[in-house]
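Here is how the chains run, residue by residue.
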Amino acid sequence: MSTHSLVFSQIITGIGIGSRLFLVAVGLSLIFGVLDVLNFAHGVLYMIGAYVAIVVVESVAGSFALGVVAAVVAVAVVGGVLESVFIRRLYGRDEEILDQLLLTFAFVLIIEDSVRFVFGSGGKSLTPPEVLTGTVPLGAGLSVPTYRGFVVVMAVLVLAGLLAVLRYTNVGRIVRSTSSDREMARLLGVNVPRLYTGVFVVGAALAGLGGALAAPAESISSGLGNSVIIDAFVVVVIGGLGSFVGAFVGAIIIGILTAVGSEVIAGAGEFFPFVAMIVVLVLRPTGLFGGAEV
Amino acid sequence: MTALELRDVNAYYGNSHILFDLAMDVEENDVVTLLGRNGAGKTTTLRAITGTVPRREGHIAYRGEEITDTAVERISRRGIKLVPEERRVFPTLTVLENVQLAHELAADPRDVEETFELFPVLDDLRGNLGRNLSGGEQQMLSVARALVQNPDLLLLDEPTEGLAPVIVDDLREVLGDVVERDVTVLMTEQNVEFALDLGERAYIIDTGSNVWNGSVEELRDREDLLEEYLSVGTGEA
(Lines give C-alpha, C1' and ligand atoms only; values in the text may rest on other atoms or scores of the structure.)
Protein backbone atom coordinates (compact mmCIF):
# COMPACT_ATOMS: atom_id res chain seq x y z
CA MET A 1 0.00 0.00 0.00
CA SER A 2 1.41 3.43 -0.96
CA THR A 3 2.00 6.08 1.70
CA HIS A 4 -0.88 8.16 0.32
CA SER A 5 -3.26 5.22 0.39
CA LEU A 6 -2.15 4.33 3.91
CA VAL A 7 -2.68 7.88 5.18
CA PHE A 8 -6.06 8.05 3.43
CA SER A 9 -7.07 4.70 4.85
CA GLN A 10 -6.10 5.76 8.37
CA ILE A 11 -7.94 9.07 8.04
CA ILE A 12 -11.07 7.22 6.94
CA THR A 13 -10.65 4.81 9.84
CA GLY A 14 -10.23 7.81 12.14
CA ILE A 15 -13.37 9.50 10.85
CA GLY A 16 -15.26 6.26 11.46
CA ILE A 17 -13.93 6.04 15.02
CA GLY A 18 -14.71 9.73 15.50
CA SER A 19 -18.27 9.31 14.25
CA ARG A 20 -19.02 6.59 16.79
CA LEU A 21 -17.33 8.65 19.46
CA PHE A 22 -19.41 11.68 18.48
CA LEU A 23 -22.64 9.82 19.15
CA VAL A 24 -21.63 9.16 22.73
CA ALA A 25 -19.87 12.50 23.30
CA VAL A 26 -22.76 14.61 21.97
CA GLY A 27 -25.14 13.07 24.50
CA LEU A 28 -22.65 13.70 27.28
CA SER A 29 -22.26 17.28 26.10
CA LEU A 30 -26.02 17.80 25.77
CA ILE A 31 -26.68 16.53 29.29
CA PHE A 32 -23.93 18.67 30.76
CA GLY A 33 -24.93 21.73 28.74
CA VAL A 34 -28.55 21.67 29.92
CA LEU A 35 -28.53 19.82 33.25
CA ASP A 36 -24.99 20.64 34.48
CA VAL A 37 -24.63 16.92 35.14
CA LEU A 38 -21.30 15.22 34.44
CA ASN A 39 -22.61 11.76 33.73
CA PHE A 40 -19.85 9.20 34.26
CA ALA A 41 -22.37 6.47 33.51
CA HIS A 42 -22.72 7.66 29.92
CA GLY A 43 -20.09 5.16 28.75
CA VAL A 44 -21.99 2.21 30.21
CA LEU A 45 -25.14 3.44 28.48
CA TYR A 46 -23.17 3.14 25.21
CA MET A 47 -22.09 -0.35 26.26
CA ILE A 48 -25.69 -1.35 27.09
CA GLY A 49 -26.73 -0.14 23.62
CA ALA A 50 -24.14 -2.40 22.02
CA TYR A 51 -25.24 -5.45 24.04
CA VAL A 52 -28.95 -4.84 23.40
CA ALA A 53 -28.28 -4.64 19.65
CA ILE A 54 -26.26 -7.87 19.76
CA VAL A 55 -28.89 -9.74 21.77
CA VAL A 56 -31.78 -8.57 19.61
CA VAL A 57 -30.04 -9.25 16.29
CA GLU A 58 -28.55 -12.61 17.29
CA SER A 59 -31.33 -14.19 19.25
CA VAL A 60 -34.60 -12.48 18.56
CA ALA A 61 -35.05 -10.67 15.32
CA GLY A 62 -32.07 -11.09 13.08
CA SER A 63 -32.69 -7.58 11.79
CA PHE A 64 -29.91 -5.04 12.29
CA ALA A 65 -32.30 -2.08 12.03
CA LEU A 66 -34.55 -3.59 14.69
CA GLY A 67 -31.50 -4.17 16.90
CA VAL A 68 -30.51 -0.51 16.59
CA VAL A 69 -34.04 0.69 17.37
CA ALA A 70 -34.25 -1.67 20.35
CA ALA A 71 -30.90 -0.40 21.64
CA VAL A 72 -31.98 3.23 21.33
CA VAL A 73 -35.29 2.61 23.10
CA ALA A 74 -33.82 0.41 25.84
CA VAL A 75 -31.03 2.84 26.69
CA ALA A 76 -33.44 5.79 26.58
CA VAL A 77 -35.60 4.01 29.17
CA VAL A 78 -32.56 3.26 31.35
CA GLY A 79 -31.50 6.91 31.06
CA GLY A 80 -34.97 8.11 31.99
CA VAL A 81 -34.99 5.94 35.10
CA LEU A 82 -31.47 7.05 36.11
CA GLU A 83 -32.41 10.72 35.89
CA SER A 84 -35.92 10.70 37.27
CA VAL A 85 -35.33 8.25 40.13
CA PHE A 86 -31.74 8.97 41.19
CA ILE A 87 -29.94 11.95 39.65
CA ARG A 88 -32.90 14.30 40.18
CA ARG A 89 -32.42 14.02 43.93
CA LEU A 90 -29.01 15.69 43.68
CA TYR A 91 -30.04 18.95 42.00
CA GLY A 92 -29.35 22.01 44.12
CA ARG A 93 -27.28 20.20 46.73
CA ASP A 94 -24.25 22.02 48.14
CA GLU A 95 -21.89 19.29 46.93
CA GLU A 96 -23.86 18.57 43.77
CA ILE A 97 -20.90 17.93 41.45
CA LEU A 98 -19.19 15.54 43.85
CA ASP A 99 -22.46 13.74 44.51
CA GLN A 100 -23.07 13.42 40.75
CA LEU A 101 -19.65 11.87 40.23
CA LEU A 102 -20.11 9.41 43.09
CA LEU A 103 -23.62 8.43 42.02
CA THR A 104 -22.90 8.03 38.31
CA PHE A 105 -19.63 6.21 39.00
CA ALA A 106 -21.55 3.83 41.25
CA PHE A 107 -23.79 3.08 38.29
CA VAL A 108 -20.71 2.39 36.16
CA LEU A 109 -19.57 -0.26 38.63
CA ILE A 110 -23.03 -1.78 39.14
CA ILE A 111 -23.93 -1.94 35.44
CA GLU A 112 -20.50 -3.14 34.35
CA ASP A 113 -20.50 -5.99 36.85
CA SER A 114 -24.09 -6.89 36.01
CA VAL A 115 -23.24 -7.11 32.29
CA ARG A 116 -20.14 -9.17 33.06
CA PHE A 117 -22.27 -11.49 35.20
CA VAL A 118 -24.81 -12.02 32.42
CA PHE A 119 -22.59 -12.04 29.31
CA GLY A 120 -19.15 -12.95 30.67
CA SER A 121 -15.99 -10.96 30.12
CA GLY A 122 -15.24 -12.12 26.57
CA GLY A 123 -15.64 -9.81 23.59
CA LYS A 124 -18.71 -9.96 21.37
CA SER A 125 -19.43 -8.47 17.99
CA LEU A 126 -22.07 -8.27 15.35
CA THR A 127 -21.94 -8.89 11.63
CA PRO A 128 -23.11 -5.83 9.71
CA PRO A 129 -26.12 -6.35 7.46
CA GLU A 130 -25.42 -7.53 3.93
CA VAL A 131 -26.24 -4.18 2.37
CA LEU A 132 -23.60 -2.45 4.50
CA THR A 133 -20.74 -4.84 3.79
CA GLY A 134 -18.04 -4.34 1.16
CA THR A 135 -16.56 -1.03 0.08
CA VAL A 136 -17.59 2.06 -1.79
CA PRO A 137 -15.04 3.05 -4.49
CA LEU A 138 -13.97 6.70 -4.46
CA GLY A 139 -11.77 6.64 -7.55
CA ALA A 140 -7.97 6.85 -7.87
CA GLY A 141 -7.79 3.36 -6.38
CA LEU A 142 -9.24 4.55 -3.06
CA SER A 143 -12.31 3.14 -1.36
CA VAL A 144 -14.25 3.38 1.90
CA PRO A 145 -15.71 0.45 3.79
CA THR A 146 -19.48 0.75 3.36
CA TYR A 147 -20.30 0.26 7.04
CA ARG A 148 -17.80 2.94 8.07
CA GLY A 149 -19.36 5.35 5.57
CA PHE A 150 -22.81 4.50 6.96
CA VAL A 151 -21.71 5.36 10.52
CA VAL A 152 -20.27 8.68 9.33
CA VAL A 153 -23.53 9.53 7.55
CA MET A 154 -25.51 8.64 10.69
CA ALA A 155 -23.29 10.91 12.80
CA VAL A 156 -23.72 13.80 10.35
CA LEU A 157 -27.49 13.27 10.29
CA VAL A 158 -27.63 13.26 14.10
CA LEU A 159 -25.60 16.49 14.23
CA ALA A 160 -27.79 18.16 11.61
CA GLY A 161 -30.95 16.99 13.37
CA LEU A 162 -29.83 18.24 16.76
CA LEU A 163 -28.78 21.62 15.37
CA ALA A 164 -32.07 21.99 13.49
CA VAL A 165 -34.13 21.16 16.58
CA LEU A 166 -32.06 23.49 18.73
CA ARG A 167 -32.21 26.44 16.35
CA TYR A 168 -35.59 26.23 14.67
CA THR A 169 -38.05 24.67 17.11
CA ASN A 170 -39.78 25.71 20.30
CA VAL A 171 -38.19 22.75 22.07
CA GLY A 172 -34.82 24.09 20.99
CA ARG A 173 -35.65 27.54 22.38
CA ILE A 174 -36.73 25.96 25.67
CA VAL A 175 -33.50 23.95 25.86
CA ARG A 176 -31.32 26.97 25.09
CA SER A 177 -33.16 29.25 27.52
CA THR A 178 -33.06 26.70 30.34
CA SER A 179 -29.37 26.02 29.85
CA SER A 180 -28.59 29.72 30.20
CA ASP A 181 -31.00 30.60 33.05
CA ARG A 182 -32.86 27.72 34.68
CA GLU A 183 -34.82 29.87 37.14
CA MET A 184 -35.96 32.42 34.56
CA ALA A 185 -37.13 29.59 32.31
CA ARG A 186 -39.25 28.25 35.18
CA LEU A 187 -40.63 31.75 35.82
CA LEU A 188 -41.86 31.77 32.23
CA GLY A 189 -43.51 28.38 32.71
CA VAL A 190 -40.93 25.82 31.60
CA ASN A 191 -41.42 22.53 33.45
CA VAL A 192 -37.72 22.11 34.15
CA PRO A 193 -37.87 18.69 35.87
CA ARG A 194 -39.72 17.25 32.85
CA LEU A 195 -37.31 18.96 30.44
CA TYR A 196 -34.33 17.53 32.32
CA THR A 197 -35.71 14.01 32.07
CA GLY A 198 -36.39 14.54 28.37
CA VAL A 199 -32.88 15.82 27.69
CA PHE A 200 -31.33 12.97 29.67
CA VAL A 201 -33.43 10.46 27.72
CA VAL A 202 -32.29 11.96 24.40
CA GLY A 203 -28.64 11.97 25.53
CA ALA A 204 -28.95 8.35 26.66
CA ALA A 205 -30.68 7.36 23.41
CA LEU A 206 -27.77 8.84 21.45
CA ALA A 207 -25.35 6.77 23.55
CA GLY A 208 -27.49 3.71 22.80
CA LEU A 209 -27.37 4.51 19.08
CA GLY A 210 -23.60 4.91 19.23
CA GLY A 211 -23.25 1.60 21.05
CA ALA A 212 -25.48 -0.25 18.60
CA LEU A 213 -23.55 1.15 15.63
CA ALA A 214 -20.27 0.19 17.33
CA ALA A 215 -21.28 -3.47 17.68
CA PRO A 216 -20.33 -4.44 14.08
CA ALA A 217 -17.18 -2.29 14.19
CA GLU A 218 -15.42 -3.20 17.41
CA SER A 219 -15.20 -5.88 20.06
CA ILE A 220 -17.89 -5.33 22.68
CA SER A 221 -17.14 -6.21 26.29
CA SER A 222 -18.27 -5.07 29.71
CA GLY A 223 -15.22 -2.78 29.96
CA LEU A 224 -16.25 -0.82 26.87
CA GLY A 225 -18.03 1.83 28.93
CA ASN A 226 -14.93 2.81 30.84
CA SER A 227 -12.75 3.20 27.78
CA VAL A 228 -15.33 5.13 25.78
CA ILE A 229 -16.22 7.55 28.60
CA ILE A 230 -12.59 8.67 28.86
CA ASP A 231 -12.43 9.29 25.11
CA ALA A 232 -15.80 11.07 25.25
CA PHE A 233 -14.58 13.40 27.98
CA VAL A 234 -11.48 14.17 25.90
CA VAL A 235 -13.77 14.97 22.98
CA VAL A 236 -16.01 17.36 24.91
CA VAL A 237 -13.02 19.07 26.53
CA ILE A 238 -11.51 19.66 23.09
CA GLY A 239 -14.81 20.64 21.45
CA GLY A 240 -16.18 22.61 24.38
CA LEU A 241 -18.70 21.36 26.94
CA GLY A 242 -22.23 21.95 25.71
CA SER A 243 -21.37 22.40 22.02
CA PHE A 244 -22.72 19.95 19.42
CA VAL A 245 -20.44 21.17 16.63
CA GLY A 246 -17.57 21.08 19.12
CA ALA A 247 -18.41 17.47 19.99
CA PHE A 248 -18.39 16.56 16.29
CA VAL A 249 -15.12 18.35 15.48
CA GLY A 250 -13.51 17.07 18.69
CA ALA A 251 -14.60 13.50 17.95
CA ILE A 252 -13.27 13.59 14.40
CA ILE A 253 -9.96 15.07 15.63
CA ILE A 254 -9.64 12.36 18.27
CA GLY A 255 -10.58 9.62 15.81
CA ILE A 256 -8.02 10.74 13.23
CA LEU A 257 -5.29 11.28 15.83
CA THR A 258 -5.93 7.80 17.23
CA ALA A 259 -5.89 6.10 13.83
CA VAL A 260 -3.02 8.03 12.27
CA GLY A 261 -1.08 8.14 15.54
CA SER A 262 -1.08 4.37 15.82
CA GLU A 263 0.68 4.24 12.43
CA VAL A 264 3.22 6.93 13.40
CA ILE A 265 4.17 5.24 16.69
CA ALA A 266 2.95 1.67 16.78
CA GLY A 267 0.66 1.09 19.77
CA ALA A 268 0.66 4.75 20.80
CA GLY A 269 -2.58 5.81 19.16
CA GLU A 270 -4.13 6.69 22.52
CA PHE A 271 -1.24 9.04 23.30
CA PHE A 272 -2.02 11.72 20.72
CA PRO A 273 -5.62 12.58 21.77
CA PHE A 274 -4.43 13.41 25.27
CA VAL A 275 -1.66 15.62 23.89
CA ALA A 276 -4.32 17.39 21.81
CA MET A 277 -6.50 17.82 24.90
CA ILE A 278 -3.64 19.35 26.88
CA VAL A 279 -2.81 21.73 24.02
CA VAL A 280 -6.45 22.85 23.76
CA LEU A 281 -6.77 23.26 27.54
CA VAL A 282 -3.67 25.46 27.60
CA LEU A 283 -4.54 27.58 24.56
CA ARG A 284 -8.34 27.65 24.83
CA PRO A 285 -9.59 26.36 28.19
CA THR A 286 -13.27 26.54 27.16
CA GLY A 287 -12.62 24.23 24.18
CA LEU A 288 -12.74 24.98 20.46
CA PHE A 289 -16.48 25.76 20.47
CA GLY A 290 -17.13 26.26 24.17
CA GLY A 291 -20.80 27.03 24.91
CA ALA A 292 -21.64 27.73 21.28
CA GLU A 293 -25.08 26.14 21.06
CA VAL A 294 -26.56 24.87 24.30
CA MET B 1 -61.98 40.91 45.04
CA THR B 2 -58.61 40.05 46.51
CA ALA B 3 -56.17 38.77 43.91
CA LEU B 4 -53.19 38.12 46.14
CA GLU B 5 -53.13 37.53 49.86
CA LEU B 6 -50.03 37.13 52.01
CA ARG B 7 -50.32 36.17 55.67
CA ASP B 8 -47.52 35.59 58.18
CA VAL B 9 -45.02 35.11 55.37
CA ASN B 10 -41.46 34.37 56.43
CA ALA B 11 -38.67 33.86 53.94
CA TYR B 12 -35.07 32.75 54.31
CA TYR B 13 -31.84 32.54 52.33
CA GLY B 14 -29.88 29.81 54.11
CA ASN B 15 -29.66 30.96 57.71
CA SER B 16 -30.64 34.54 56.89
CA HIS B 17 -34.20 35.38 57.89
CA ILE B 18 -35.40 38.07 55.45
CA LEU B 19 -39.20 38.40 55.76
CA PHE B 20 -40.89 38.46 59.16
CA ASP B 21 -44.61 37.63 59.30
CA LEU B 22 -45.31 39.78 56.27
CA ALA B 23 -48.96 40.45 55.49
CA MET B 24 -50.32 42.05 52.33
CA ASP B 25 -53.42 42.20 50.14
CA VAL B 26 -53.53 43.09 46.47
CA GLU B 27 -56.98 43.65 44.97
CA GLU B 28 -57.88 42.68 41.39
CA ASN B 29 -56.83 45.33 38.84
CA ASP B 30 -55.03 47.31 41.53
CA VAL B 31 -51.56 48.80 41.01
CA VAL B 32 -49.64 48.35 44.23
CA THR B 33 -46.16 49.65 44.85
CA LEU B 34 -43.85 48.09 47.37
CA LEU B 35 -41.53 50.72 48.79
CA GLY B 36 -38.57 50.52 51.10
CA ARG B 37 -34.84 50.94 51.32
CA ASN B 38 -32.31 48.57 49.77
CA GLY B 39 -32.34 45.29 51.68
CA ALA B 40 -35.78 45.91 53.19
CA GLY B 41 -37.14 42.69 51.65
CA LYS B 42 -39.00 43.99 48.58
CA THR B 43 -37.37 41.65 46.07
CA THR B 44 -37.65 38.74 48.50
CA THR B 45 -41.39 39.42 48.76
CA LEU B 46 -41.73 39.04 44.98
CA ARG B 47 -39.52 35.94 45.07
CA ALA B 48 -41.68 34.45 47.81
CA ILE B 49 -44.78 35.00 45.67
CA THR B 50 -43.17 33.40 42.59
CA GLY B 51 -41.73 30.51 44.61
CA THR B 52 -38.10 31.27 43.85
CA VAL B 53 -36.98 32.02 47.39
CA PRO B 54 -35.15 28.97 48.84
CA ARG B 55 -37.44 28.66 51.89
CA ARG B 56 -40.74 30.27 52.72
CA GLU B 57 -43.38 29.79 55.37
CA GLY B 58 -46.83 31.21 56.01
CA HIS B 59 -49.70 31.54 53.57
CA ILE B 60 -49.68 32.96 50.06
CA ALA B 61 -52.96 32.69 48.18
CA TYR B 62 -53.76 33.75 44.62
CA ARG B 63 -57.44 34.19 43.76
CA GLY B 64 -58.29 32.20 46.87
CA GLU B 65 -56.01 29.25 46.12
CA GLU B 66 -52.97 28.48 48.25
CA ILE B 67 -49.72 28.73 46.27
CA THR B 68 -47.25 28.65 49.15
CA ASP B 69 -45.95 25.20 48.21
CA THR B 70 -46.68 25.38 44.49
CA ALA B 71 -43.84 24.87 42.00
CA VAL B 72 -42.45 27.97 40.24
CA GLU B 73 -43.68 26.97 36.76
CA ARG B 74 -47.17 26.21 38.05
CA ILE B 75 -47.40 29.61 39.69
CA SER B 76 -46.31 31.09 36.37
CA ARG B 77 -48.99 29.14 34.52
CA ARG B 78 -51.60 30.60 36.83
CA GLY B 79 -50.85 33.95 35.23
CA ILE B 80 -48.37 35.42 37.72
CA LYS B 81 -45.45 36.83 35.74
CA LEU B 82 -42.28 38.43 37.04
CA VAL B 83 -40.08 41.05 35.40
CA PRO B 84 -36.93 40.52 37.46
CA GLU B 85 -34.63 43.25 38.65
CA GLU B 86 -31.67 41.94 36.63
CA ARG B 87 -33.82 41.72 33.43
CA ARG B 88 -32.51 38.22 32.75
CA VAL B 89 -33.22 38.10 29.05
CA PHE B 90 -31.87 34.90 27.50
CA PRO B 91 -28.50 35.96 26.08
CA THR B 92 -28.21 33.33 23.34
CA LEU B 93 -31.75 33.86 22.06
CA THR B 94 -32.66 36.70 19.74
CA VAL B 95 -35.19 39.35 20.73
CA LEU B 96 -37.82 37.57 18.63
CA GLU B 97 -36.94 34.18 20.12
CA ASN B 98 -37.18 35.56 23.66
CA VAL B 99 -40.70 36.82 22.92
CA GLN B 100 -41.72 33.70 20.94
CA LEU B 101 -40.56 31.43 23.74
CA ALA B 102 -42.65 33.32 26.31
CA HIS B 103 -45.60 33.30 23.88
CA GLU B 104 -45.43 29.54 23.39
CA LEU B 105 -45.18 28.83 27.11
CA ALA B 106 -48.23 30.89 28.06
CA ALA B 107 -51.68 29.35 28.48
CA ASP B 108 -53.48 32.32 26.92
CA PRO B 109 -50.85 34.52 25.28
CA ARG B 110 -51.13 37.92 23.70
CA ASP B 111 -50.31 38.20 19.99
CA VAL B 112 -46.57 38.53 19.30
CA GLU B 113 -47.03 41.31 16.74
CA GLU B 114 -49.36 43.21 19.02
CA THR B 115 -46.71 43.01 21.74
CA PHE B 116 -44.02 44.34 19.43
CA GLU B 117 -46.29 47.29 18.63
CA LEU B 118 -45.99 48.30 22.28
CA PHE B 119 -42.19 48.32 21.99
CA PRO B 120 -41.13 50.01 18.74
CA VAL B 121 -37.49 49.94 19.84
CA LEU B 122 -37.60 46.12 20.02
CA ASP B 123 -39.34 45.81 16.68
CA ASP B 124 -36.16 47.03 14.98
CA LEU B 125 -33.99 44.62 16.97
CA ARG B 126 -35.84 41.33 16.40
CA GLY B 127 -32.77 39.50 15.10
CA ASN B 128 -30.35 40.77 17.75
CA LEU B 129 -29.15 38.42 20.46
CA GLY B 130 -30.27 39.26 23.99
CA ARG B 131 -26.68 39.65 25.15
CA ASN B 132 -26.05 42.40 22.58
CA LEU B 133 -28.83 44.70 23.83
CA SER B 134 -28.31 47.81 25.96
CA GLY B 135 -29.63 47.88 29.53
CA GLY B 136 -32.72 49.81 28.48
CA GLU B 137 -33.43 47.49 25.56
CA GLN B 138 -33.02 44.47 27.84
CA GLN B 139 -35.51 45.96 30.28
CA MET B 140 -38.00 46.57 27.47
CA LEU B 141 -37.51 42.97 26.30
CA SER B 142 -37.97 41.66 29.83
CA VAL B 143 -41.27 43.55 30.13
CA ALA B 144 -42.34 42.50 26.60
CA ARG B 145 -41.61 38.87 27.47
CA ALA B 146 -43.90 39.11 30.50
CA LEU B 147 -46.64 40.99 28.63
CA VAL B 148 -46.81 38.55 25.72
CA GLN B 149 -47.76 35.95 28.31
CA ASN B 150 -50.86 38.05 29.00
CA PRO B 151 -50.41 38.13 32.80
CA ASP B 152 -53.23 38.44 35.29
CA LEU B 153 -50.78 39.55 37.98
CA LEU B 154 -47.63 41.34 36.82
CA LEU B 155 -44.75 41.58 39.28
CA LEU B 156 -42.21 44.27 38.43
CA ASP B 157 -38.97 44.31 40.39
CA GLU B 158 -37.28 47.73 40.24
CA PRO B 159 -38.31 48.33 36.62
CA THR B 160 -36.54 51.69 36.29
CA GLU B 161 -33.27 50.76 37.97
CA GLY B 162 -30.25 51.91 35.97
CA LEU B 163 -32.35 53.28 33.10
CA ALA B 164 -31.83 56.63 31.38
CA PRO B 165 -34.67 59.15 31.99
CA VAL B 166 -35.87 58.88 28.41
CA ILE B 167 -36.20 55.08 28.75
CA VAL B 168 -38.02 55.55 32.06
CA ASP B 169 -40.53 57.76 30.24
CA ASP B 170 -41.03 55.09 27.56
CA LEU B 171 -41.51 52.47 30.24
CA ARG B 172 -43.99 54.65 32.12
CA GLU B 173 -46.00 54.95 28.91
CA VAL B 174 -46.02 51.19 28.28
CA LEU B 175 -46.90 50.32 31.87
CA GLY B 176 -49.57 53.02 31.92
CA ASP B 177 -51.12 51.23 28.97
CA VAL B 178 -50.80 47.88 30.76
CA VAL B 179 -52.57 49.00 33.94
CA GLU B 180 -55.51 50.18 31.85
CA ARG B 181 -55.98 46.62 30.55
CA ASP B 182 -57.26 45.09 33.79
CA VAL B 183 -53.88 43.71 34.79
CA THR B 184 -53.10 43.60 38.50
CA VAL B 185 -49.65 45.00 39.17
CA LEU B 186 -47.35 44.63 42.19
CA MET B 187 -44.17 46.62 41.78
CA THR B 188 -41.08 47.31 43.85
CA GLU B 189 -39.43 50.62 43.05
CA GLN B 190 -36.70 52.84 44.46
CA ASN B 191 -37.77 55.69 42.19
CA VAL B 192 -40.50 57.03 44.48
CA GLU B 193 -41.86 59.50 41.93
CA PHE B 194 -42.26 56.75 39.32
CA ALA B 195 -43.87 54.46 41.89
CA LEU B 196 -46.29 57.05 43.17
CA ASP B 197 -47.10 58.19 39.66
CA LEU B 198 -48.06 54.70 38.46
CA GLY B 199 -49.34 53.16 41.69
CA GLU B 200 -52.72 53.39 43.38
CA ARG B 201 -51.85 51.78 46.69
CA ALA B 202 -48.53 51.46 48.48
CA TYR B 203 -46.91 49.27 51.09
CA ILE B 204 -43.77 50.29 52.93
CA ILE B 205 -41.51 47.46 54.00
CA ASP B 206 -38.70 47.81 56.49
CA THR B 207 -36.42 44.99 57.68
CA GLY B 208 -38.75 42.39 56.26
CA SER B 209 -41.98 43.63 57.80
CA ASN B 210 -44.86 45.70 56.55
CA VAL B 211 -44.76 49.03 58.43
CA TRP B 212 -47.42 51.01 56.54
CA ASN B 213 -49.99 50.66 53.78
CA GLY B 214 -52.48 52.99 52.25
CA SER B 215 -53.31 54.95 49.15
CA VAL B 216 -50.69 56.72 47.11
CA GLU B 217 -52.43 60.07 47.70
CA GLU B 218 -52.21 59.46 51.41
CA LEU B 219 -48.52 58.62 51.17
CA ARG B 220 -47.73 61.78 49.23
CA ASP B 221 -48.82 63.79 52.27
CA ARG B 222 -46.86 61.68 54.75
CA GLU B 223 -43.48 63.35 54.58
CA ASP B 224 -42.52 61.68 57.85
CA LEU B 225 -42.87 58.22 56.27
CA LEU B 226 -41.16 59.25 53.07
CA GLU B 227 -38.24 60.60 55.04
CA GLU B 228 -37.98 57.81 57.61
CA TYR B 229 -38.33 54.78 55.34
CA LEU B 230 -37.52 56.03 51.86
CA SER B 231 -35.01 58.82 52.59
CA VAL B 232 -37.03 61.16 50.36
CA GLY B 233 -36.39 64.79 51.23
CA THR B 234 -33.19 64.08 53.12
CA GLY B 235 -31.00 64.26 50.07
CA GLU B 236 -30.16 60.53 50.29
CA ALA B 237 -32.67 59.29 47.75
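Residues numbered from 1 in each chain as written. Chains lettered and ligands numbered in written order. Predicted model: local features only at pLDDT ≥ 70, side-chain atom pairs only at ≥ 80, totals over all residues.

### A word on the interface of chain A and chain B
The following threshold applies: Contact between residues is assigned whenever the C-beta positions, reconstructed from backbone atoms, fall within 7 Å. By the criteria applied, helices consist of DSSP H or I runs no shorter than four residues and strands consist of E runs no shorter than two, each listed in order from the N terminus. The classification used treats Ala, Val, Leu, Ile, Met, Phe, Trp, Tyr, Cys and Pro as nonpolar, Asp, Glu, Lys and Arg as charged, and all other residues, Gly among them, as polar.
In this assembly, 16 residues from chain A lie in contact with 19 residues from chain B. Counting only elements with at least two residues in the side of chain A that touches chain B, the list comes to helix 6 (170-180) and helix 7 (182-187) of chain A. Among the elements that line the side of chain A that touches chain B, the one with the most residues is helix 6 of chain A, at six residues. Its residues assigned to classes, the side of chain A that touches chain B comprises six nonpolar, five polar and five charged.

### Concerning the confidence of the model for chain B
Applied cut-off: Within a predicted model, pLDDT stands for the predictor's per-residue confidence, ranging from 0 to 100.
Overall, the predicted model of chain B reaches an average pLDDT of 90, with 97% of residues at or above 70. Reported confidence for the predicted complex is 0.92 by ipTM and 0.88 by pTM.

### Regarding the environment of Ser180 of chain A
Here Ser180 of chain A shows up in helix 6. A C-alpha to C-alpha distance of 8.9 Å links Ser180 of chain A and Gly33 of chain A, two positions 147 residues apart in sequence. Not counting residues within four places of it along the chain, the set of residues in contact with Ser180 of chain A comprises Phe90, Pro91 and Thr92 of chain B.

### Structural notes on the nonpolar core
Among soluble globular proteins, nonpolar side chains are generally buried collectively. To be explicit about the condition: Take the buried Ala, Val, Leu, Ile, Met, Phe, Trp, Tyr and Cys residues, join any whose C-beta atoms are within 7 Å, and the set you get is a nonpolar core. Three classes are used. A residue is buried when 20 or more other C-beta atoms lie within 10 Å of its own, exposed when 12 or fewer do, and partly exposed in between, with C-beta atoms placed from the backbone.
In this structure, Ala25, Ala50, Ala53 and Val75 of chain A are the most contacted members of the largest nonpolar core, which totals 167 residues. In this structure Ala53 of chain A touches Gly67, Val68, Ala70, Ala71, Leu126, Gly211, Ala212 and Ala215 of chain A, once residues within four positions along its chain are discounted.

### Remarks on the packing of helix 6 of chain A against helix 3 (residues 95-105) of chain B
What counts is decided by this rule: Here the axes come from fitting lines to C-alpha atoms, over the contacting stretch only for helices, and the angles between their N-to-C directions go from 0 to 180 degrees. In these notes the angle categories are as follows: under 35 degrees is roughly parallel, over 145 is roughly antiparallel, 65 to 115 is roughly perpendicular, and the rest is oblique.
Taken N-terminus to C-terminus, the directions of helix 6 of chain A and helix 3 of chain B make an angle of 105 degrees; their axes are 10 Å apart at the nearest point. The angle between helix 6 of chain A and helix 3 of chain B places the two elements in the roughly perpendicular class. Across the interface between the two elements, Asn170, Arg173, Ile174 and Ser177 of chain A from helix 6 of chain A touch Glu97, Gln100, Leu101 and Glu104 of chain B from helix 3 of chain B. Across the contact of helix 6 of chain A with helix 3 of chain B, the residue classes break down as two nonpolar, three polar and three charged.

### Some points on the packing of helix 1 (residues 3-35) of chain A against helix 10 (residues 244-264) of chain A
Residues and elements named next belong to chain A. We apply this condition: By convention the crossing between two helices is left-handed if the near helix lies anticlockwise of the far one by an angle smaller than a right angle, and right-handed if it lies clockwise.
It is at 6 Å that the axes of helix 1 and helix 10 come closest, and there the two elements cross at 140 degrees. Compared by their axis directions, helix 1 and helix 10 come out oblique. Between helix 1 and helix 10 the crossing geometry is right-handed.

### Remarks on the environment of Val56 of chain A
All names here are of chain A. Following the sequence through the fold, Val56 ends up in helix 2 (residues 42-60). Since 22 C-beta atoms lie within 10 Å of it, Val56 is described here as buried. As a C-alpha pair, Val56 and Gly67 span eleven residues in sequence and 5.2 Å in three-dimensional space.

### Structural notes on the sheet that holds strand 10 (residues 209-215) of chain B
Two orientations exist for strands paired in a sheet by backbone hydrogen bonds: parallel and antiparallel. Residue and element names in this part refer to chain B. Going by this rule: Here, a strand pair is defined by DSSP locating no fewer than two bridges between the strands.
One open sheet accounts for six strands, arranged 6-7-8-3-9-10; its pairing is mixed. If you trace the sheet from one side to the other, it starts and ends with strand 6 (80-83) and strand 10, each paired once. Put simply, the sheet's adjacent strands are angled 15 degrees from each other on average, direction ignored. The pairing of strand 6 with strand 7 (residues 153-157) spans four bridges and is parallel. Of the residues in strand 7, the one forming a bridge with Ile80 is Leu153. Strands strand 3 (31-35), strand 6, strand 7, strand 8 (184-188) and strand 9 (201-206) of the sheet are contacted by helix 1 (residues 42-50), whose axis makes an angle of about 145 degrees with strand 7.

### Side note on the pairing of strand 7 of chain B
Residues and elements named next belong to chain B. For clarity, the threshold we go by: Seen with its strands pointing away from the viewer, a crossover is right-handed if its path from the first strand over the helix to the second goes clockwise.
Taking burial as the measure, the five residues of strand 7 include five buried ones, the bulk of the element. The alternating pattern of strand 7 places Leu153, Leu155 and Asp157 and Leu154 and Leu156 on opposite faces, both of which are buried. Bridge count for strand 7 against strand 8 is five bridges, and the pairing is parallel. Pairing of Leu155 across the sheet is with Leu186, part of strand 8. A crossover connection joins strand 7 to the parallel strand 8 through helix 7 (residues 165-179); in handedness this β-α-β unit is right-handed.

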